[in-house]
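Structural characterization, general
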Amino acid sequence: MASVNVLFLPDFGQKNHYKGLVRLLFRSPQPLICLLTDNDCDKTELGNEKIIVGLLDKNQSDISNQIRETIRESLTKQKKTFKLEDVAKHTGIRVDEEDPECQRGKQAADQIMGLLRGKDPSAVKETILPCQGKLWHDWCKMNKELHHLGGENLEDDKSTKLKNMREIRRKQVSQELSEFMGTFIEKIKSQKDDEKKYFLRWMKNLLNDFTSYELFELHKEYDIKWNKVLELKKMSDKLDQLQTEQTSLENISNKIISMCFSLEHILREFGQIYESRSSVKKNKEDSLQFDFCSLPSLAAEMMISGFPMELMDGDAAHVPLTWFAVSAGRCTRGAFMQLIKVSEEMEFDYILVVDTEGLCAPELAGSSTTHRDNEMATFVVGLGNMTLINIFGENPSEMQDILQIVVQAFLRMKKVRLNPSCMFVHQNVSDLTAGEKNMEGRRRLQEKLDNVTELAAKEEVCDAEGFSDVIRFDVQTDVKYFAQLWEGSPPMAPPNPNYCENILELKQTILTHASKSDGIMLTHLRHRIHDLWEALLNEQFVFSFKHSLEIMTYKKLETEYRKWTWSLRSAMLEIENKLHNKIENEEIHDVEKMDLQRELYAKGEEVKKMMSGFFENDRDAGILKQWKASFEIKIKELQENIVRETKRKLNGVLQQRELKKKMDAERTHHENTLSEKSKELALKFKDQATDENVMKTQFDSFWKQQTADIIRDTPLDRNIDILRDVKKLLNETYESLPSGHMEDSSKYKDMFCLPSYSEYVQLKKSSGITGPFKNIYKAAKQKAGFALSKEDEVQIRALTTDIAEHTDKMIQSFNIAKMGYNNSYIQQLTDYIQERLNKHQEGPKTVKYVFKREFFMDLVLCILCKANKTFTDQYKVFREANDPVLYFNRKREEYYSIFQKYCEGATSTAIFGEFVCNKLKEAIQQNVYKKTARDLADEMRTNCESLNGNRSNLEKHILKTLAEKQNFNAYMTYINYPKKHFKNFIRYEVSQYITERFEGSIRVKMENSIKLLQQQITSAAHKSSTHVQKENGDADLWLRQFSLVLSDVLVFSASDFSGDDVEVSFLEDVIKEILPSIMSDIRSKFSTETFPVNMEHKDRPDEILIDHFCDCCWVQCPFCAAICTNTIDKHPGDHSVPFHRNIGLNGWFYRGTTNLAINICTSAVASDGYFYPNSSDDTVPLKEYRKGGPKYASWSITPDLSEVPYWKWFVCRFQKDLENHYDKTFQRSGKIPDAWRQYSLEDAIESLDKYM
């Protein structure tokens, strides 16, 4: 095989142990050069191109030249050549070229490359890859402009730019697919995995061959021109020539760019075909012969196979985000990424390597390049867990610019809570053995890093004095020095073994770091790329960065948090119900915090385990760990809160029990009296028991007389009139209030739906030198009806809402259903309202007004007018339970039945048993309804689509319902009083659920509860009878034991009975006999109508769910009034919301006009506009909105150019309603963009699933 054989031997004498090999080589026709190490002979030709040369005591350089010349002469004489791939034919070595897959791959590549034969390499890309040329570059430029909107009507500017961008996409789509791309896609779609890999390798090689010669010549030309530019830079008198040569250099650079054509450019075209057709929703019916949606899967397969994928287009300096929703790719001069598969021992599958073309290239110096380098460094550093900074040489002073760019990028990552690590690699370090030198180098690097950090911190407005303040970095372990690759000068120099050792050490260090890092799912990579790029486009990285993956993970955490809190709340509801029964049964007389904590302990430990499992085992555990401690604290606080609240409620029950004792005792006395007297009457007419008419007549007369006596002894108000009491109190207590408002309750103003409160306030007087002038201006504003600023209106609306919520809680705490009504309640409510108003207007300096008296009066009337139904409904329940007429009329049939049985000779035991069962009836009914309510709330948390997630999910369904019903007033309630609207929505959902699923679900639950209670009651009767028999007790002991056994299940008091002449041994049988008919009677009253009203307000399923969902953050965006979606009230960190809306919905308008503002918060904060916080004359740039004051500073509003069709549709649909509501118009600067009117109701509803 060899063209020349070279043989090393000591000599041809006795020392030669390879005589057979020497003989064989001498007989071979190939030239032979024998180098004798123990011989000093000169070059000797033995004929037939066989030569010997002695090496002993010869100069190494001379010998090398002599051997080189000898080999050259021998090769020159030969005409024989061979192909490298032919080696396998003679040696038995297997080569890829023999594989059928490789041959088919090469054949396909040759076929495609044949389409380029004879074409100019510099013009090929423009014709066969049209989507990535000028159109793509124009689109990228416009997309960057989109992030820097201008003018007052930002949304109009945005709509125009988006329209132009869509037009460019349409032009891209209209480009015919070239034969080259069509054939390439056809081939790659039809190939199997191995054939596809070979095909791509051949394509890569053949494309390189296609442009290699021209590129070589251009690079030579560029090198000559570059050296000339360097020389001219040293000559101050040659500036004109320097400029000419620099222009020429730029032209050559552009030629190189246009000449470059590789596999990466084809993959870039894939991306543009996909993006353009996706953006214009162009589907299979166009000119393409394939479904463009299949392109991402092809790219993904290539990426997983190890092919580099484009990440940032270096030519357009842009990241195609739509394409990277599914894949990513390599570029010629940007950044590319490649998946490197790791061993199965690692806890992850791949390492993703992102490579860039480098920073601070001297031939690309300039301001635009500096910006590009900053952009590139920030992008790559933010993307990776570790940044490898590769530096040629070891002098820190030569890498000042690179270090500053990288440190600045690390500072930005720290601000947005990304925590990459870094390593420095110094290439081509000459002497690695000098330990002192390496120590000195590390010291100088540390100093340089600290100095650069100080400079970068000033630019980023960040408090950092040294590099270690920015990132965890150990100069001893995180700095690597690499030997030179070659020992000596190439091409004859051998590889340096130290270099290989350095590479291995670096690899081990990287893998060690990787094993300690939190990995990322490939599906999440898209979000990280999107977040980084969008923030960079806005040119205010820290301000603009939105950590989508973190947001998604936090939403998932919020959903789990709701499950944990629900577990604790529902457990405490069970505990509360059990203890409530015990209190009513007088089994316990006080409730201690420790008792409740002990009862809740088991569930608390269960929730702790659930939390721990979630934080440790979830696939996003690395992101979740930052919130672990705070959520553990929140759960602990929640437990303490529900324990405290339950203690408060149960203590209230204890107090009410004491207050009710007199009423209950009187009622029990009357019941016992009736029972005894009906028994006496029955004994008189026992002989006439068969005559139904006589019995009924006698009982009617008896009943009329007895109830008349009871009513005379316990008089009770028949009706209450809340509004009458309110008017009376206001007239008596506040005599100076105008009385005209109180004539007709129908005229009371709804204080929660007013567009403005200006008529209800008086502006505070200004003092000082300028005071009189300011007061004149204020008087003019007040006269014109514009006394209040937008912020003032929001402030008053928030105050009235809060007052209404607290008064609602006060009314519920009165527990009128059990305790009755007292007109002192009205006094308490009006005092509270007056106190809140006084405290508000006398509060901070930001309150620039005082309330007129009419405001207090109208607010009181409005609140109590709305509460009137609650008062009357609860009092109705109280009357039915406590009014003698109503109560005993309800009991009449029970007493008549007992009277009949006495007449028929029934035993005292039978009568007593019936009394017990009748007494249990109401308690059973309450138990069934309360338990069903709790079970129903739990079921709806699972099965009801709107209630089975977190608060954001609930809001999404609220918005869908609002859009479907298209009720403007409901929308304004949602915008201005979101908590109220949420509560109403939950009540509506529960009502609908009850109506739709009563027979299939709710009745079943009630039936199951009835069965369980029947078993528990009969079991209690059996246990009581056994106990009495054992103790030789009487009916009183039986009652006490029976009450004790049921004390945590039902409210049943033994003191309500007298058990004379009762045969205890028969009681169990009597209870078993009578109880089924009682249960049947209760069942007969189950219906959708009775279910909601047969329980206390706090026990209703809608109220249980309201307590669960509404215990969260309700702070509204100061611009658009969107609600913070954090599920924790008083949460740490900024308020935020998935998407904001048009600020005109919240009444914002352009100063000096009557035009409602059209801008959306997330567009506005990326613009160059400004606003007037708190209606002052001071302006604040929207990009620095946090400087507007505390309420602005507490919000995180990141620039976002998302479409948000929902609120655009709303503005168009309700334009006239909004204009009438605010008495302003969407005109001129506030003109609604035409593009908004294209959104349909379906588009609006569909967008909610995308953005929430």
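Residues numbered from 1 in each chain as written. Predicted model: local features only at pLDDT ≥ 70, side-chain atom pairs only at ≥ 80, totals over all residues. Heavy atoms only, no water.

As annotated in an unreviewed UniProt entry, the chain carries the name VLIG-type G domain-containing protein and is attributed to Onychostoma macrolepis. What UniProt states about the chain under its Sequence similarities (unreviewed entry) heading is, verbatim, "Belongs to the TRAFAC class dynamin-like GTPase superfamily. Very large inducible GTPase (VLIG) family." (UniProt positions renumbered as here; feature names shortened; annotations may be inferred.)

1. Side note on helix H29 (residues 884-903)
For the α-helix, the turn length of 3.6 residues means that residues three or four positions removed from each other point alike. When the local axis directions of H29 are compared, the greatest deviation, roughly 45°, occurs at Arg 892. Directly after H29, the chain includes Gly 905, whose backbone phi takes a positive value near 90°. (Bend = angle between axes of the 7 residues up to and from the residue. Helix = DSSP H or I, 4+ residues; strand = E, 2+ residues; numbered from the N terminus.)

2. Here we look at the nonpolar core
Core analysis: the biggest nonpolar cluster contains 148 residues, and Ile 924, Ile 1017, Phe 1042, Phe 1119, Trp 1207 and Phe 1210 have the highest contact counts within it. The element best represented in this core is helix H33 (residues 978-1031), accounting for 15 residues. Setting aside residues up to four positions removed in sequence, Phe 1042 forms contacts with Val 916, Leu 920, Ile 1017, Ala 1020, Ala 1021, Ser 1024 and Phe 1052. With 83 residues, the next largest nonpolar core counts Ile 128, Met 203, Ile 471 and Leu 532 among its residues. (Core = buried A, V, L, I, M, F, W, Y, C linked by side-chain atoms within 4.5 Å. Buried < 20%, exposed > 50% of the residue type's maximum accessible area, 1.4 Å probe, protein only. Contact = heavy atoms within 4.5 Å.)

3. Re the packing of helix H31 (residues 951-965) against helix H40 (residues 1205-1213)
Between H31 and H40, whose axes approach to 12 Å, the crossing angle comes to 30°. Regarding the angle of H31 to H40, the classification is roughly parallel. In this structure, the crossing between H31 and H40 has a hand that is left-handed. Each of Leu 959, Lys 960, Leu 962 and Ala 963 in H31 lies in contact with H40, whose residues at this interface are Tyr 1206, Trp 1207 and Trp 1209. Tallied by class, residues from the contact of H31 with H40 come to six nonpolar, no polar and one charged. (Axes fitted to C-alpha atoms, helices over the stretch in contact; angles between N-to-C directions. Parallel < 35°, antiparallel > 145°, perpendicular 65-115°, else oblique. Left-handed = near helix turned anticlockwise from the far one by under 90°. Nonpolar A, V, L, I, M, F, W, Y, C, P; charged D, E, K, R; others polar.)

4. Some remarks on the pattern of salt bridges
Evaluated as defined, the whole model comprises 56 salt bridges. A salt bridge links Glu 73 to Lys 43; its shortest N-O distance comes to 3.8 Å. Of this pair, Glu 73 sits in helix H2 (residues 60-77) while Lys 43 sits in the loop between strand E2 (32-36) and strand E3 (44-45), placing them 30 residues apart in sequence. Of the residues examined, Glu 73 reaches a relative accessible area of 32% and is grouped as partly exposed. (Salt bridge = Lys/Arg side-chain N within 4 Å of Asp/Glu carboxyl O.)

5. Examining unusual backbone geometry
Where the residue is not glycine, phi is negative for most of them; where a peptide bond is considered, it is trans in most cases. Despite not being glycine, Ala 1121 has its phi angle at roughly 70°, a positive value. Relative to the helices and strands, Ala 1121 is located in the loop between helix H37 (1101-1109) and helix H38 (1161-1164). In this structure Ala 1121 comes out as buried when scored by relative accessible area, which is 4%.

6. Quick look at helix H34 (residues 1035-1045)
Ala 1035, Leu 1037, Trp 1038, Leu 1039, Gln 1041, Phe 1042 and Ser 1043 are the residues of H34 that are buried. Its buried side turned inward, H34 meets helix H30 (908-943), H33 and helix H35 (1064-1084). A distance of 3.2 Å separates the backbone nitrogen of Asp 1036 from a side-chain oxygen at the start of H34, and that oxygen is part of Asp 1034. (Polar contact = N/O pair within 3.5 Å; in protein donor to acceptor, adjacent residues only side chain to side chain.)

7. Quick notes on a nonpolar patch on the surface
Taken together, the side chains of Tyr 18, Leu 21 and Leu 24 present a nonpolar region at the surface, about 330 Å² in accessible area. Residue position: Leu 24 is located in helix H1 (residues 19-27). We classify Leu 24 as exposed; its relative accessible area is 56%. (Patch = residues over 30% accessible without salt bridge, like charges linked within 9 Å, V, L, I, M, F, W, Y side chains within 5 Å. Areas by Shrake-Rupley, 256 points an atom, 1.4 Å probe, with all protein chains shown as cover.)

8. Observations concerning the packing of aromatic side chains
Under the defined criterion, the tally for this structure stands at 47 aromatic pairs. Here the aromatic rings of Phe 1171 and Tyr 1192 are separated by 5.1 Å at their centres, their planes lie at 50°, and the arrangement is tilted. Separated by 21 residues along the polypeptide, Phe 1171 in strand E13 (residues 1170-1171) and Tyr 1192 in helix H39 (residues 1190-1193) bring together distant segments of the chain. For the pair Phe 1171 and Tyr 1192, one class covers both residues: buried. Positioned above the aromatic ring of Phe 1214 is the side chain of Arg 1213, whose terminal nitrogen or guanidinium carbon lies 4.4 Å from the ring centre. (Phe/Tyr/Trp six-rings, centres within 6.5 Å; stacked < 30°, edge-to-face > 60°. Lys NZ or Arg CZ within 6 Å of the ring centre and 35° of its normal.)

9. Considering the sheet that holds E2
Pairing in this open sheet of four strands is mixed, and the strands run E1-E2-E4-E3 from one edge to the other. The strands lining the two open edges of the sheet, one partner per strand, are strand E1 (5-9) and E3. Pairing of E2 with strand E4 (residues 50-54) involves five bridges; the strand directions are parallel. Looking at E4, one finds that Cys 34 is bridged to Ile 52. The strands that H1 touches are E1, E2 and E4; relative to E1, the one it contacts most, it runs at about 155°. Set on the sheet, H2 makes contact with E1, E2 and E4; between it and E4 the angle comes to about 175°. (Pairing = 2+ DSSP bridges.)

10. Some thoughts on the sheet that holds strand E5 (residues 309-312)
Ordered in space as E5-E6-E7, the three strands form an open sheet in which the pairing is antiparallel. Pairing within the sheet leaves two strands with one partner each, and these edge strands are E5 and strand E7 (350-356). For this sheet, the mean inter-axis angle between neighbouring strands, taken without regard to orientation, is 35°. Here E5 runs beside strand E6 (residues 335-341); their pairing, made up of two bridges, is antiparallel. Note on E6: the bridge partner recorded for Met 312 is Ala 335.

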